[in-house]
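Now for the letters of each chain:
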Amino acid sequence: MERCETCRKWYGEPRQPKVGDMVNFTVQSGSGNRQRISSRTGKLMLIKDDGYSVIYRKTVYHADHVSHPADPNPLTLAFGGMCECIEGPIHE
Ligand SMILES: [Zn+2]
């Protein structure tokens, strides 16, 4: 993705990580209303039909989404929002 020079938010298509790349992913821990989501950087092991396997500190995690380290992670996008200066099919 690219950063907008006007608002400094992100726009465009995410980069597609390949197996063996370092990727950002989120880990959900806890349950009920004590859930918290944290962001990790690990190595992409496997791309599956329903998500990704990422190894982080010798533990393999399942991730529904991964992002290239040069791209904003989902938390950044969730809190910061996407650029709305540019018209385009950003959301399907
Ligand atoms: Zn913008």
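Residues numbered from 1 in each chain as written. Predicted model: local features only at pLDDT ≥ 70, side-chain atom pairs only at ≥ 80, totals over all residues.

## A look at the confidence of the model for the protein
Then comes step 1: With 92% of its residues at a pLDDT of 70 or more, the protein has an overall mean of 87.
Then comes step 2: Confidence, read as mean pLDDT per element, is least for helix H1 (residues 74-80) in the protein (82) and greatest for strand S5 (residues 51-56) (96). (pLDDT = per-residue confidence, 0-100. Helix = DSSP H or I, 4+ residues; strand = E, 2+ residues; numbered from the N terminus.)

## Things to note about the sheet that holds strand S7 (residues 66-67)
Then comes step 1: The antiparallel open sheet is built from five strands, whose spatial order is S6-S5-S4-S3-S7. In the strand order of this sheet, the two ends are held by strand S6 (59-63) and S7, each with one partner.
Then comes step 2: Bridge analysis of strand S3 (residues 22-29) against strand S4 (residues 36-48) gives eight bridges, and the strand direction is antiparallel. Residue pairing for S4: Val 27 is matched across the bridge by Ser 38. (Pairing = 2+ DSSP bridges.)

## Remarks on unusual backbone geometry
Then comes step 1: Here the phi dihedral of Arg 8 falls at roughly 65°; this positive angle occurs in a residue that is not glycine.
Then comes step 2: Looking at the element boundaries, Arg 8 is found in the loop between strand S1 (2-3) and strand S2 (10-11).
Then comes step 3: A residue is classified by how many C-beta atoms lie within 10 Å of it, and Arg 8, with 9 of them, is exposed.
Then comes step 4: Backbone geometry places Lys 58, a non-glycine residue, at a positive phi of 65°.
Then comes step 5: With 5 C-beta atoms counted inside 10 Å, the residue Lys 58 sits in the exposed group. (Buried ≥ 20, exposed ≤ 12 C-beta atoms within 10 Å, placed from the backbone.)

## Remarks on the nonpolar core
Then comes step 1: Among the nonpolar cores identified, the biggest contains seven residues, and these are Val 23, Phe 25, Leu 44, Tyr 52, Val 54, Ala 63 and Val 66.
Then comes step 2: At the level of elements, S3 and S5 are the ones that each hand at least two residues to this core.
Then comes step 3: Leave out the neighbours within four places in its chain, and Val 66 touches Pro 17, Val 23, Asn 24, Phe 25, Leu 44, Tyr 52 and Val 54. (Core = buried A, V, L, I, M, F, W, Y, C linked by C-beta atoms within 7 Å. Contact = placed C-beta atoms within 7 Å.)

## Topic: the pairing of S4
Then comes step 1: Counted between consecutive antiparallel strands, the loop separating S3 from S4 contains six residues, among which Gly 30 sits at a positive phi close to 80°.
Then comes step 2: As paired elements, S4 and S5 share five bridges and run antiparallel to each other. Residue pairing across strands places Ile 47 opposite Tyr 52, the latter belonging to S5.
Then comes step 3: Counting the residues between successive antiparallel strands, the hairpin from S4 to S5 contains two residues.

## Some thoughts on the environment of Gln 16
Then comes step 1: Here Gln 16 lies in the loop between S2 and S3.
Then comes step 2: Along the chain, Gln 16 and Val 66 lie 50 residues apart, while their C-alpha atoms are 8.9 Å from each other.

## Focus on the pairing of S5
Then comes step 1: Two elements, S5 and S6, share five bridges in a ladder whose sense is antiparallel. Its bridge partner being in S6, Tyr 52 is matched across the sheet by Ala 63.

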